[in-house]
Amino acid sequence: MNTPATPIGPPLRPHRDCSVYMEAVRSRALEVPYNPPVIYLEAVRGCPHACAMCHFGRTQVQRMAPSLLARLEPGFPDLEVLAIHGQGEPLVGDLEYFVGQSVKHGFVLHLNTTGFLLTRRLADLLAQTRLSIRFSVHAGTPATYRRLMGQDLDKVKDNVAYLVRQARRSGLASDFWFSFLVLKENVDEIEDFLLMAHDCGIQSVRFMRPLPNWKTLRGASFPDRDFRFSYFEQFNLRIHDSFMAALPRYQALCDKLGLTIESGSMVESRSHHRPLLETANNVAMRLFGNKLFPLARIPGSCLAPWIGQLVINVEGNVRLCCSTNYSLGNLHDASLSALWNSPRMKAIRASFARGCNPKACGYCEGITFDDYPNNAFVGRDRDT
C-alpha cells in the first residue's frame, strides 16, 4: 500500500507580473535588472535504465550537492520555471525538496522523464504544486516500448494517468505532454500513441527527431531485448518525409481527441537535418568552447538571453541553454546574478540584438514561448 505524501507548505502565490521581462525582450537590453526567470537544473546526473536512443543510460546516479543548491536558493523567488532535468532521470532526485521550493516560491516545476520510477506516492507529492512534465513515451504498443525503452508500458500508463487525475483534483494549473521520437521502429504506431495519450488524460503531444550521439551513430546493441539501435537506420529523410506526409492524418485524429500537437523538431524543414555537423559541433564545443558550423553567421532570434534557460550542472557550471555547451562560468566562483549579467551573457544578447545567431548557437533556431511550459508566463504575449 502506498503512503500518501505529506502536504508541503502554504498555498502557491498568484502569478507574477512579467512585464519587466517583456520590456527587456522588446528593447533587447544588454543588462537586465532581474535574475533569470527560467533555470534548467541538473538535479540528477545519470540513470539506472537504458533507453535505446539515450547516451547516458545505465550510468551512476549523482545528485546535486546541498551546498550548491544553497547558492542557488537566493534566485528561487525570481523564478517562473525551474526545470530539474539534465543528463539524468529527475525522479531519482530529492523531489520533496523541489516540490517544497516550488510551493514556497510559486514557480512551475518542470521535468522531462520517462516515468519509469513514477509511483502513486510520488504522484501525490508532485500534485501539490504547479507541474510541467513531458513524458518520453516513444511507442504506441507494449512490444515496441519494451524494445526501445526496456520497460513495461502498461505500468507507466497507469501511474501517469493517476498523476494526471491527482493534479486536476488539486485545482492547480498543470501542463502534461507526451513526447514521441519519430523512428523507423515506431512510425507506424503514431495513432496508437495518440489514443494512449488521450486515455491517460494527456492533452498535449510533441513529435521530435532523435539527436545523434556517438553511441547511436556507431550502433547500440541490447541483447536482453534482441534489438540493435542504429541512428541512420532509425531516422533518415525517408522516415522524416513519411511522417510529414501522414501529419494531416495525425492532426485530424488529434482534433477528434482534443489533443494539441505542440512545437517539436519534426515540424522543421528537412534541410535542418544535419546529424554529422551537429555531432561535430558538440565535439568542437568540448574541445574549443565554441561551435564550428555554420561557417557564416545566420539570422536568429531567441528569448533565452532575456527570459532564461540557463543550464546548471552538478558541478555548478552554468551554460547558456540546453542547446549549447557555451559556458558562462561556475557558481562556485560567481553568483547567479553576476553570471546572468556577465560580459559573456551581454555579448550573446548583443549578437541577437543585431539579429544574428551567436556562433555558440550553431543551427539552433532559438527559444520562443512555445518552448516554455504552457502554464508559465500566464497572460503574457507569447508572440513577443
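Each remark here, short or long, concerns the structure printed above.
Quick notes on the rules
Residues numbered from 1 in each chain as written. Predicted model: local features only at pLDDT ≥ 70, side-chain atom pairs only at ≥ 80, totals over all residues. Heavy atoms only, no water. Helix = DSSP H or I, 4+ residues; strand = E, 2+ residues; numbered from the N terminus. Buried < 20%, exposed > 50% of the residue type's maximum accessible area, 1.4 Å probe, protein only. Areas by Shrake-Rupley, 256 points an atom, 1.4 Å probe, with all protein chains shown as cover. Polar contact = N/O pair within 3.5 Å; in protein donor to acceptor, adjacent residues only side chain to side chain. Contact = heavy atoms within 4.5 Å. Pairing = 2+ DSSP bridges. Expected span 1.5 Å × (residues − 1). Arc of directions from axis to C-beta. Right-handed = clockwise from strand over helix to strand, strands pointing away. Lys, Arg positive; Asp, Glu negative; His and termini not counted. Salt bridge = Lys/Arg side-chain N within 4 Å of Asp/Glu carboxyl O. Phe/Tyr/Trp six-rings, centres within 6.5 Å; stacked < 30°, edge-to-face > 60°. Lys NZ or Arg CZ within 6 Å of the ring centre and 35° of its normal.

Asker: I'd love a proper account of the overall build of the protein chain, names of residues and values included.
Answerer: Looking only at helices and strands, the protein chain has 14 helices and 14 strands in total. Put simply, the protein chain has 384 residues, and 55% of those count as buried. Accessible surface, the protein chain as shown: approximately 16500 Å² in total, 53% of it carbon and sulfur.

Asker: Mind laying out the side chain of S179, listing which residues take part and the relevant values?
Answerer: Mapped onto the elements, S179 comes out in strand 7 (residues 175-181). In terms of polar contacts, S179 uses its side chain to reach the side chain of R206, at 2.7 Å. Each residue touching S179, except ones within four places of it in the same chain, is listed here: R134, F135, S136, V137, H138, F193 and R206.

Asker: Give a description of the pairing of strand 13 (residues 317-321) that names residues and reports values.
Answerer: In summary, the side chains of a regular strand alternate between the two faces of the sheet. As paired elements, strand 12 (residues 310-312) and strand 13 share 2 bridges and run antiparallel to each other. Looking at strand 13, one finds that V311 is bridged to R319. A loop of 4 residues connects strand 12 with strand 13, the two strands running antiparallel in sequence, and G316 in this loop sits at a positive phi of about 95°. Between strand 13 and strand 14 (residues 324-330), which follow one another and run antiparallel, lie 2 residues.

Asker: Before we move on, can you summarise helix 6 (residues 153-170) with the specific residues and values?
Answerer: The end-to-end C-alpha distance of helix 6 is 26 Å, a good match for the 26 Å that 18 residues give at a rise of 1.5 Å each. Here helix 6 has its buried residues at L153, V156, N159, V160, A161, Y162, L163, V164, Q166 and A167. Elements in contact with the buried residues of helix 6: helix 4 (120-126), strand 6 (131-136), helix 5 (142-149), strand 7 and helix 7 (190-199). Its side-chain oxygen 3.0 Å from the backbone nitrogen of D154, D152 forms the N-cap of helix 6.

Asker: Before we move on, can you summarise helix 7 with the specific residues and values?
Answerer: Every buried residue of helix 7 is listed here: I190, F193, L194, M196 and A197. Summarising the axial view, the buried residues of helix 7 lie within an arc of 160°, below the 170-degree limit, and thus occupy one face. Looking at the buried residues of helix 7, the elements they touch are helix 6, strand 7, strand 8 (204-208) and helix 10 (237-257).

Asker: An account of the sheet that holds strand 8 is needed here, citing residue identities and associated values.
Answerer: The 10 strands are arranged 11-8-7-6-5-4-1-12-13-14 in an open sheet whose pairing can be described as mixed. Of all strands in the sheet, those bounded by a partner on one side alone are strand 11 (260-261) and strand 14. Here 4 bridges tie strand 13 to strand 14, and the two strands are oriented antiparallel to one another. In the strand pairing of strand 14, V318 is matched with G329.

Asker: Could you give me a rundown of the pairing of strand 8, with the residues and numbers involved?
Answerer: In terms of burial, strand 8 is a largely internal element, 4 of the 5 residues being buried. The β-α-β motif built from strand 7, the intervening helix 7 and the parallel element strand 8 has right-handed crossover chirality. Bridge count for strand 8 against strand 11 is 2 bridges, and the pairing is parallel. Along strand 11, the bridge assignment pairs V205 with I261.

Asker: Any details on the side chain of D124? Residues and values, ideally.
Answerer: Structurally, the position occupied by D124 is in helix 4. Here D124 occupies a buried position and makes no salt bridge, while the nearest side chain of opposite charge, R169, is found at 7.3 Å. A polar side-chain atom of D124 sits 2.8 Å from a polar atom in the side chain of Y162. Among the polar contacts listed, one links the side chain of D124 to the side chain of Q166, at a separation of 3.1 Å.

Asker: So, the environment of S342: which residues are in play, and what are the values?
Answerer: Within the secondary structure, S342 is located in the loop between helix 13 (336-340) and helix 14 (343-353). Through-space distance from the C-alpha of S342 to that of L30 is 9.9 Å; in sequence the pair is 312 residues apart. A distance of 2.9 Å separates the side chain of S342 from the backbone oxygen of L339, its partner in a polar contact.

Asker: Account for the pattern of salt bridges, with residues named and values stated.
Answerer: One pass over the full model with this rule turns up 10 salt bridges. Close ionic contact of R26 with E23 constitutes a salt bridge, the shortest N to O distance being 3.7 Å. Of the two residues, R26 and E23 both sit in helix 1 (residues 19-27), 3 residues apart, roughly one turn of that helix. Across the pair R45 and E42 runs a salt bridge whose closest N-O atoms are separated by 3.1 Å. For E42, a relative accessible area of 4% translates into the label buried. Salt bridges sharing partners connect three or more residues here, namely E42, R45 and E315.

Asker: Residues and numbers for the packing of aromatic side chains, please.
Answerer: In total, this model carries 17 aromatic pairs according to the counting rule given. Both rings, one in F180 and one in F207, keep their centres 5.8 Å apart while their planes meet at 70°; by these two values the pair is edge-to-face. Residue F180 is located in strand 7, and its partner F207 is located in strand 8; the two are separated by 27 residues in the primary sequence. What makes F180 buried here is its relative accessible area of 0%. Overall, the relative accessible area of 3% leaves F207 in the buried class. A connected cluster of aromatic rings, assembled from ring pairs, spans F135, F178, F180, F193, F207, F243 and Y250. Looking at R28, its charged tip hangs above the ring of W306, at a distance of 5.2 Å from the centre.

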